[in-house]
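This is what each chain is made of:
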Amino acid sequence: MLTGVEVVLAGGDARQLEVIQKLTEMDASVSIVGFDRLDTPFPGVSKAEWTPELLRAADALLLPAVGTDDDGTIAAVFTDRELKLSDPFLEAMPKWGKVYTGMAKPYLRRLCEKHQIGLVELFERDDVAIYNSIPTAEGAVMMAIQNTDITIHGSTCIVLGLGRTGMTLARTLQGLGAKVKAGVRREETFARAFEMGYEPFYIADLARQAEGCDLLFNTIPNMIITAQVISRLPLNAVIIDLASKPGGTDFRFAEKRGIKAMLAPGLPGIVAPKTAGRIIANGLIQMILEDSRQRGEQP
Ligand code: NAP
């Protein structure tokens, strides 16, 4: 249980509603900011104003999936007010307090470092990233269906990167009857892809593999779908780039060539906010419990 743990939850989208519910079920003391346009009652939760004072006794400050943008703004869909995280807020936090988010941009990293406040990026946890890959893969399939006039069944799909997201996506596409090619860089991943029934190739060979591809999915957060690769794709191919912004596609050249290419960030929050919220909540609760256990063990 989280009895006695003070959590301030600032901003976010529908995913946070699930997180709020889970935290209250665990008996945490929860204050929320950035939900004034929402009429839903949250029993046992206090709606608060965004002031540094609010963080004076906070054990945990929970920010949305992408903590803040490059100038400290916290995305908050349920308010018209601007929420900004700046020096006075972290200055006010107790030194044992921690900031929790899905992933942090350099601004948030620097701010936490400056004020020596711990920063936890939940999507870095393997379990959270793997659970999160489920709604991500479903969202990618949704985008593929919406943007093609062919079935996934029988199509030739390329998945670039067989990490936590790529692995789930490749298996999902294969389950739908696609011919799946997997672009990898390591020999052991090549062997695993072969074992799983995909057609593996090394990334260096991507341009050649692009010929005959119907759907090209990218999970590699590097420029990988270059102009050279795009020039070999059939004109009716679709690129769905899942990698975090700015993605790994030369979008300018794709547009010039008339190839549909889209960056598809935040799919779990779009296609399955409840599930995605539960995934965040479970990871968060585990981390807070571990952190408070460690604090209790310290002399
Ligand atoms: P991950 O487990 O680290 O997988 C990334 C994969 O990319 C790994 O297999 C890695 O290969 C490969 N890779 C990295 N750099 C490479 C390079 N230069 N050449 C070839 N392969 C390279 O990460 P993940 O959790 O799957 O996430 C992947 C991306 O998707 C991230 O940018 C993440 O933020 C994003 N994401 C987006 C959504 C969404 O809704 N769009 C949802 C979840 C995650 P090795 O195994 O050889 O290292």
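Small disclaimer: the values here were computed from a predicted structure and weren't measured.

Enquirer: Looking at this model, I keep getting lost on the overall build of the protein. Mind explaining?
Expert: A count of helical and extended segments in the protein gives 11 helices and 12 strands. The C-alpha atoms of the protein give 21 Å as radius of gyration, which agrees with the globular expectation for 299 residues (19 Å, within 12%). C-alpha atoms of the protein, sized along the principal axes, occupy 60 × 40 × 35 Å. Per-residue burial for the protein yields a buried fraction of 52% across its 299 residues.

Enquirer: Where do I start with the site of the ligand in this structure?
Expert: Near the ligand you find 21 residues, and of these Thr165, Arg185, Arg186, Ala264 and Leu267 are the closest. Within the backbone of Ser244, one N or O atom sits 2.9 Å away from an oxygen atom of the ligand. Within the backbone of Ala264, one N or O atom sits 2.6 Å away from a nitrogen atom of the ligand. In the complex, 77% of the free accessible area of the ligand, which totals 920 Å², lies under the protein chains. Within the residue set of the shell around the ligand, elements represented by two or more residues are helix 5 (164–175) and helix 10 (267–271). When its residues are assigned to classes, the shell around the ligand shows 11 nonpolar, seven polar and three charged.

Enquirer: Sorry, what's going on with the domain arrangement of the protein here?
Expert: Where the parts come together, the accessible area they lose is often given as the size of the interface. Here the domain parsing of the protein yields domain 1 (6–124 + 272–297) and domain 2 (128–265). Computed over C-alpha atoms, the centres of domain 1 and domain 2 are 33 Å apart. Opposite the six residues of domain 1 that make contact, domain 2 presents six residues. Between domain 1 and domain 2 we count zero salt bridges in total. Summed over the shared surface of domain 1 and domain 2, the result is zero residue pairs in polar contact (both at pLDDT 80 or more). Partitioned by chemical class, the residues of the side of domain 1 that touches domain 2 number four nonpolar, one polar and one charged.

Enquirer: Would you explain the side chain of Thr136 in this entry?
Expert: Here Thr136 lies in helix 4 (residues 126–146). Given the relative accessible area of 12%, Thr136 is considered buried. Discounting chain neighbours no more than four positions away, the residues touching Thr136 are Thr165, Leu242, Leu267 and Pro268.

Enquirer: Just checking my understanding: could you explain the sheet that holds strand 6 (residues 118–121) for this structure?
Expert: In a beta sheet, neighbouring strands are held together by backbone hydrogen bonds and run either parallel or antiparallel to one another. Pairing is parallel in the open sheet, where six strands are placed in the order 3-2-1-4-5-6. In this open sheet, the two strands that pair with only one neighbour each are strand 3 (45–47) and strand 6. The sheet shows a mean angle of 20° between the axes of neighbouring strands, taken without regard to direction. Across three bridges, strand 1 (residues 6–10) lies against strand 4 (residues 60–62) in parallel orientation. Its bridge partner being in strand 4, Val7 is matched across the sheet by Ala60. On top of the sheet, helix 1 (residues 14–25) reaches strand 1, strand 2 (29–33), strand 3 and strand 4; it is set at about 170° to strand 1, its chief contact.

Enquirer: Just to check I follow, could you spell out unusual backbone geometry for this structure?
Expert: Excluding glycine, residues mostly have negative phi values, and the peptide bonds linking residues are mostly trans. Note that the residue after Lys245, namely Pro246, is joined by a cis bond; omega there is 5°. Here Pro246 shows up in the loop between strand 11 (238–241) and helix 9 (251–257). A positive phi angle, near 70°, is found at Asp27, a position not held by glycine. One can find Asp27 in the loop between helix 1 and strand 2. A relative accessible area of 36% means that Asp27 is categorised as partly exposed.

How each quantity is defined
Residues numbered from 1 in each chain as written. Predicted model: local features only at pLDDT ≥ 70, side-chain atom pairs only at ≥ 80, totals over all residues. Heavy atoms only, no water. Helix = DSSP H or I, 4+ residues; strand = E, 2+ residues; numbered from the N terminus. Rg over C-alpha atoms; globule rule 2.2 N^0.38 Å. Buried < 20%, exposed > 50% of the residue type's maximum accessible area, 1.4 Å probe, protein only. Near = heavy atom within 4 Å. Polar contact = N/O pair within 3.5 Å; in protein donor to acceptor, adjacent residues only side chain to side chain. Areas by Shrake-Rupley, 256 points an atom, 1.4 Å probe, with all protein chains shown as cover. Nonpolar A, V, L, I, M, F, W, Y, C, P; charged D, E, K, R; others polar. Domains from an automatic or database assignment. Contact = heavy atoms within 4.5 Å. Salt bridge = Lys/Arg side-chain N within 4 Å of Asp/Glu carboxyl O. Pairing = 2+ DSSP bridges. Axes fitted to C-alpha atoms, helices over the stretch in contact; angles between N-to-C directions.

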